[in-house]
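Here is how the chains run, residue by residue.
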Amino acid sequence: MGDLEISLKILLTGVGSYLPNNKYSNDDLTKLVETSDEWISKRSGIKKRHFVSANETTSDMAFIAAKKAIKNANISKHEIDLIIVATTTPDNTFPSTATLVQKKLSINAVSFDVQAVCAGFVFALSVAKSMMSDGIYKNCLVIGADSMSKLLDWKDRSTSVLFGDGAGAIMLQKIENNENFYNDWGILSNVIHSDGQYYDILKTNGGVSSDQKTGYIQMQGKEVFKHAVDKLSTSLEEALKESNKKINELDWLVPHQANQRIILAVADRMKIDINKVISTVSNHGNTSAASIPLALDEAVSSNKILNGNLIGIHAIGGGLSWGASIIRIGKP
Ligand code: ACO
């Protein structure tokens with residue numbers, strides 16, 4: 001049977017992103033909550049965030065990011081057969097935001113959402129990889145999109161200053177690895193984890209089946225910080241091992257953009273040159289599932305990350321849920 005097996009690779013061929021027009025600097029937030037630019041900058045590295053306007057929704061942002069990713073991948077939208085949206089802030093409780101993106105794109109594609117909060121993008125990537133490797137799907141849009149502003153409690157200054165809204169998307173394409181031509185390309189490894197014993201350290205204080213409300217973000221900041229540094233590091237180590245790569249082989253690390261202090265602490269622990277770590281958190285705060293594809297798009301658009309570069313991505317969010325992936329982006 002071995003001779004008949006076709007080796008398949010999942011390539012990352014396009015990326016796109018979107019940030020809403022409404023910008024709020026740290027100084028702007030001092031009108032909403034008792035805080036200062038100095039406190040926010042020192043604790044998080046965040047300088048500004050973007051919030052959706054009154055009539056703008058998660059699917060609107062996801063749609064714009066998706067269109068850019070499709071254009072950059074240079075394929076027809078009608079070739080897409082799978083759409084996975086990672087989001088915690090859907091337009092409606094149901095149906096899925098992915099089906100709205102499908103409707104806006106006017107295409108036929110199996111579409112559904114994945115919810116793993118800030119780790120949503122790496123979870124969606126893992127689901128996409130499995131469905132493409134084992135199933136009939138050839139071209140998948142993986143989108144991370146969140147309107148975190150809708151979950152902010154402006155009476156809680158310790159959380160409200162950290163988040164923003166946005167969307168990022170990537171195009172994945174399955175290809176037959178004839179004569180091992182694509183051996184070292186595409187998604188080389190992908191690991192995900194969850195541990196519900198930490199459910200309470202980062203959550204909303206409401207929900208559909210508990211009180212029929214969406215609730216507001218509540219976070220035990222110091223606990224989350226500690227777990228973030230540890231689990232981002234261990235999952236990256238695991239993904240490197242699975243792909244048979246070493247940390248110094250990475251051209252770039254694109255971490256979850258939650259907090260510059262977490263990014264620096266992980267870089268220090270992993271002994272990776274900080275100049276190889278993409279950081280865009282100052283520009284948009286924590287955009288949850290959107291943060292990695294947003295940072296990736298900014299780095300690709302500014303010609304930092306180039307076709308053929310080996311990148312690591314990793315994220316952690318409520319659950320706790322976390323994961324990492326090693327990817328050689330583009331195609332030969
Ligand atoms: N402005 C001014 N003061 C504030 C603010 C604010 N926005 N928020 C809290 N404070 C005050 C508190 O009231 C407290 O004052 P007190 O000492 O008089 O009681 C004090 O600042 C707390 O300061 P620290 O103990 O120094 O706070 P800490 O260093 O823990 O920083 C932070 C808080 C930034 C939330 C930190 O714990 C953190 O980064 N945690 C990680 C959380 C994170 O990034 N989460 C993102 C979501 S999860 C994810 O994506 C991984």
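Details of the structure are given in the entry above.
Keep in mind the model is a prediction, meaning the values are calculated, not measured.

A. Structural detail: the sheet that holds strand β5 (residues 110-114). Across the sheet, 5 strands lie side by side as β1-β7-β6-β4-β5; this open sheet has mixed pairing. Strands with a single pairing partner mark the edges of an open sheet, and in this sheet they are β1 (8-18) and β5. Going from strand to strand, the sheet's axes swing by 20 degrees on average, the running direction of each strand aside. When strand β4 (residues 82-86) meets strand β6 (residues 139-147), the two strands line up parallel, connected through 5 bridges. Looking at the pairing, I83 lines up with L141 of β6.

B. Quick peek at helix α4 (residues 97-105). Restricting attention to buried positions, one finds in α4 the residues T97, A98, V101, Q102 and L105. Down the axis, α4 shows its buried residues gathered within 150 degrees of arc, on one side only. On its buried face, α4 is in contact with α3 (58-73), β4, β5 and β6. Downstream of α4 by one or two residues, S106 has phi in the positive range, about 55 degrees.

C. Structural view of the nonpolar core. If you look at the biggest cluster of nonpolar residues, it comprises 39 residues, and the most contacted ones within it are I217, I272 and I326. Among the secondary structure elements, those contributing two or more residues to this core are β8 (186-194), α8 (221-242), α9 (260-270), β12 (310-317) and β13 (321-328). Each of domain 1 (2-177) and domain 2 (188-328) contributes no fewer than three residues to this core. Other than its neighbours up to four places away in sequence, I217 contacts M148, L151, L152, D156, T159, F163, L202, K203 and T204. With 36 residues, the next largest nonpolar core counts V114, I170, I278 and I327 among its residues.

D. Quick peek at the pairing of strand β7 (residues 165-176). For β7, the buried fraction is high: 10 of the 12 residues fall into the buried class. Relative to β7, β1 is paired through 10 bridges, and the arrangement is antiparallel. In the sheet register, L12 faces β7, and the bridge partner there is L172. As paired elements, β6 and β7 share 9 bridges and run antiparallel to each other. Opposite A145, over in β7, you have A167 as the bridge partner.

E. Fine view of α3. A rise of 1.5 Å per residue sets the reference length of α3, with its 16 residues, at 22 Å; its end C-alpha atoms lie 22 Å apart and thus fit the reference within 8%. By the burial criterion, the buried members of α3 are T58, S59, M61, A62, F63, A65, A66, A69, I70 and A73. Lining the buried residues of α3 we find β1, α4, β6 and β7. Backbone geometry just after α3 places N74 at a positive phi near 60 degrees.

F. Up close: the pattern of salt bridges. Counted by the stated rule, this structure contains 8 salt bridges. With a shortest N-O distance of 3.6 Å, K31 and D28 are connected by a salt bridge. Looking at D28, the relative accessible area reads 27%, which means it is partly exposed. Linking K203 and D200 is a salt bridge whose minimum nitrogen-to-oxygen distance equals 3.1 Å. Judged by relative accessible area, K203 falls into the partly exposed class, the value being 30%.

G. Geometry of the site of the ligand. Close contacts around the ligand come from 22 residues, with T35, R157, K222, H256 and N259 the closest. Between an oxygen atom of the ligand and a side-chain N or O atom of R43, the distance comes to 2.9 Å. The separation between an oxygen atom of the ligand and a polar side-chain atom of N259 is 2.5 Å. In the complex, 74% of the free accessible area of the ligand, which totals 1000 Å², lies under the protein chains. Looking at the shell around the ligand, the elements that each hand over two or more residues are α2 (37-44), α6 (157-160), α8 and α9. Counting residues per element, the shell around the ligand draws most heavily on α8, which supplies 4 residues. Class assignment for the residues of the shell around the ligand results in 11 nonpolar, 6 polar and 5 charged. Here the shell around the ligand spans two domains, since at least three of its residues come from each of domain 1 (2-177) and domain 2 (188-328).

What counts, and where the lines are drawn
- Residues numbered from 1 in each chain as written.
- Predicted model: local features only at pLDDT ≥ 70, side-chain atom pairs only at ≥ 80, totals over all residues.
- Heavy atoms only, no water.
- Pairing = 2+ DSSP bridges.
- Helix = DSSP H or I, 4+ residues; strand = E, 2+ residues; numbered from the N terminus.
- Axes fitted to C-alpha atoms, helices over the stretch in contact; angles between N-to-C directions.
- Buried < 20%, exposed > 50% of the residue type's maximum accessible area, 1.4 Å probe, protein only.
- Arc of directions from axis to C-beta.
- Contact = heavy atoms within 4.5 Å.
- Core = buried A, V, L, I, M, F, W, Y, C linked by side-chain atoms within 4.5 Å.
- Domains from an automatic or database assignment.
- Expected span 1.5 Å × (residues − 1).
- Salt bridge = Lys/Arg side-chain N within 4 Å of Asp/Glu carboxyl O.
- Near = heavy atom within 4 Å.
- Polar contact = N/O pair within 3.5 Å; in protein donor to acceptor, adjacent residues only side chain to side chain.
- Areas by Shrake-Rupley, 256 points an atom, 1.4 Å probe, with all protein chains shown as cover.
- Nonpolar A, V, L, I, M, F, W, Y, C, P; charged D, E, K, R; others polar.

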